[in-house]
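Here is how the chains run, residue by residue.
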Amino acid sequence: MKRRLFCWAWLLPWAVSAQAPTEAWTQALRPELGLPKWPALKHWQTHPRLSHTGLRLEMEHIADNGNSVPLRLCCEALPAQEHLRQLHLISERNPRPEIFKLEFLQPLNTLDLSTRIRLAGTQNLIALAETNQGRVLWVSHHISVTDSACVEGA
Amino acid sequence: MNLQLSGKLQAPERVKAGESFSVQLLLRHAMETGFISDAQGQRQPQNLIRKIEFFLDDTALLRLTPSSGLAANPYLQISLSIPRSGKLICRWQDEQGAQGELSQKISTT
């Protein structure tokens, strides 16, 4: 009996890895729970003036190809005297979480931006916009990516 | 190395002062992430566009700092507003020193 067990023991690691999911399937975020505890969001985690209104992130819920995923970011007109200072797009699973930072060097109180990004698999994205009045507007979006952009680095 | 990167900038020739208008930018750049290996197993060195800046004459308007998450051949469409007529200039530079500049005159009414 012992001898038979020993013969099959070498297959155990393979059996365990075959059962384990190959990719962590992330869930859509719930805005009412606040910003998630991602290391890349550490700077904003305890910000006293976080607001989940005003910023809109428009993109598909499923992307066939993670190499080029179109997105649109819009910000409603801000109150008088308030304008955008910085915009950050942060990803949950990309090897480099910050996809881009956009600095507004002249006052701009609305935003309409479209671009194409790379995504390393199914994940959540968070956009944060900082205003000159100290408010931080944020929005999240969950996207399923069938073909990841970054096979080796992810 | 100081290659001129190719691209295209599209903006209206006439806009209303202070009103927002759309600017489109398309650049030809591989945005090498440094994570991809070739057929021989050699990693391609990272070469990303470090920054893309928009100016109205000498006044800086916007600065975009991308990472490897921006897709190859970056495309950007963004709303801008300008208070006066001038030359809208877009400059960019990658990690290997290649840079480029595109401009267009915009007059305000």
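All values reported here derive from a predicted model rather than from experimental measurement.

Criteria and thresholds
- Residues numbered from 1 in each chain as written.
- Chains lettered and ligands numbered in written order.
- Predicted model: local features only at pLDDT ≥ 70, side-chain atom pairs only at ≥ 80, totals over all residues.
- Heavy atoms only, no water.
- Contact = heavy atoms within 4.5 Å.
- Salt bridge = Lys/Arg side-chain N within 4 Å of Asp/Glu carboxyl O.
- Polar contact = N/O pair within 3.5 Å; in protein donor to acceptor, adjacent residues only side chain to side chain.
- Helix = DSSP H or I, 4+ residues; strand = E, 2+ residues; numbered from the N terminus.
- Nonpolar A, V, L, I, M, F, W, Y, C, P; charged D, E, K, R; others polar.
- Pairing = 2+ DSSP bridges.
- Core = buried A, V, L, I, M, F, W, Y, C linked by side-chain atoms within 4.5 Å.
- Buried < 20%, exposed > 50% of the residue type's maximum accessible area, 1.4 Å probe, protein only.
- pLDDT = per-residue confidence, 0-100.
- Axes fitted to C-alpha atoms, helices over the stretch in contact; angles between N-to-C directions.
- Phe/Tyr/Trp six-rings, centres within 6.5 Å; stacked < 30°, edge-to-face > 60°.
- Lys NZ or Arg CZ within 6 Å of the ring centre and 35° of its normal.

### As for the interface of chain A and chain B
(1) Moving on: Counting residues at the interface gives 27 residues for chain A and 32 residues for chain B.
(2) Moving on: Summed over the shared surface of chain A and chain B, the number is one salt bridge.
(3) Moving on: With its nearest N and O atoms 3.2 Å apart, the salt bridge here joins Arg 63 of chain B to Glu 103 of chain A.
(4) Moving on: Where chain A touches chain B, the interface holds 19 residue pairs in polar contact (both at pLDDT 80 or more).
(5) Moving on: Broken down by secondary-structure element, the contributors of at least two residues to the side of chain A that touches chain B are strand S6 (98–104) and strand S7 (111–117) of chain A.
(6) Moving on: Among the residues making up the side of chain A that touches chain B, the classes are represented as eleven nonpolar, eight polar and eight charged.
(7) Moving on: Here S6 of chain A pairs with strand S5 (residues 59–66) of chain B via five bridges, running antiparallel. Bridge pairing in S5 of chain B links Glu 103 of chain A to Arg 63 of chain B.

### Some details on the nonpolar core
Soluble globular proteins tend to bury their nonpolar side chains together.
(1) Moving on: Among the nonpolar cores identified, the biggest contains 53 residues, and Met 59, Leu 73, Phe 100, Ile 117 and Leu 119 of chain A together with Ile 52 and Phe 54 of chain B are the most heavily contacted of them.
(2) Moving on: Among all residues touching Ile 117 of chain A, those that are not within four sequence positions of it are Met 59, Gly 66, Asn 67, Ser 68, Val 69, Leu 71, Leu 89, Ile 99 and Leu 125 of chain A together with Gly 69, Leu 70 and Ala 71 of chain B.
(3) Moving on: Within the second largest apolar cluster, nine residues are counted, among which are Trp 44, Ile 126, Leu 128 and Trp 138 of chain A.

### Here we look at the confidence of the model for chain B
(1) Moving on: Confidence along chain B averages 92 in pLDDT terms, with 95% of residues attaining 70 or more.
(2) Moving on: Mean pLDDT in chain B bottoms out at strand S1 (residues 7–10) of chain B, which sits at 94, and peaks at S5 of chain B, which reaches 97.

### A few points about the confidence of the model for chain A
(1) Moving on: Predicted confidence across chain A gives a mean pLDDT of 85, with 81% of residues reaching 70 or more.
(2) Moving on: Taken together, the stretch residues 16–23 of chain A has pLDDT below 50 and engages in three contacts with residues farther than four places along the chain or on a different chain.

### Some details on the side chain of Ser 140 of chain A
(1) Moving on: Checked against the element boundaries, Ser 140 of chain A lands in strand S9 (residues 136–145).
(2) Moving on: Aside from chain neighbours lying at most four places away, what touches Ser 140 of chain A is Leu 29, His 52, Leu 125 and Ile 126 of chain A.

### Details of the sheet that holds S1 of chain B
(1) Moving on: Read across the sheet, six strands follow the order S2(A)-S4(A)-S7(A)-S6(B)-S3(B)-S1(B) without closing on themselves; strand pairing throughout is antiparallel. The strands lining the two open edges of the sheet, one partner per strand, are strand S2 (55–58) of chain A together with S1 of chain B. Across the sheet, the mean angle separating the axes of adjacent strands is 10° when strand polarity is ignored.

### Concerning the pattern of salt bridges
Residues and elements named next belong to chain A.
(1) Moving on: For the structure on display, the rule yields nine salt bridges over all chains.
(2) Moving on: Across the pair Arg 72 and Asp 112 runs a salt bridge whose closest N-O atoms are separated by 2.8 Å. Of this pair, Arg 72 sits in strand S4 (residues 69–75) while Asp 112 sits in strand S7, and the two are 40 residues apart along the sequence.
(3) Moving on: Residue classification places Asp 112 among the partly exposed positions, given a relative accessible area of 28%.
(4) Moving on: Each member of the salt-bridge network shares a partner with another, and the members are Arg 56, Glu 58, Arg 72 and Asp 112.

### Observations regarding unusual backbone geometry
Most peptide bonds take the trans configuration, and most residues that are not glycine carry a negative phi.
(1) Moving on: The residue Gln 81 of chain A is not glycine, and still its phi comes out positive at about 75°.
(2) Moving on: With respect to the secondary-structure elements, Gln 81 of chain A resides in the loop between S4 and strand S5 (84–91).
(3) Moving on: For Asn 73 of chain B, which is not a glycine, the phi torsion comes out positive at approximately 50°.
(4) Moving on: Assignment of secondary structure puts Asn 73 of chain B in the loop between S5 and strand S6 (75–80).
(5) Moving on: Its relative accessible area of 35% is what places Asn 73 of chain B among the partly exposed residues.

### A look at the environment of Met 31 of chain B
(1) Moving on: With respect to the helices and strands, the residue Met 31 of chain B is situated in the loop between strand S3 (21–27) and strand S4 (49–56).
(2) Moving on: As for Met 31 of chain B and Pro 74 of chain B, which are separated by 43 residues in sequence, their C-alpha atoms are 8.1 Å apart.

### Regarding the packing of aromatic side chains
(1) Moving on: Evaluated as defined, the whole model comprises zero aromatic pairs over all chains.
(2) Moving on: Its end group placed over the ring of Phe 55 of chain B, Arg 91 of chain B keeps NZ or CZ at 4.7 Å from the ring centre.

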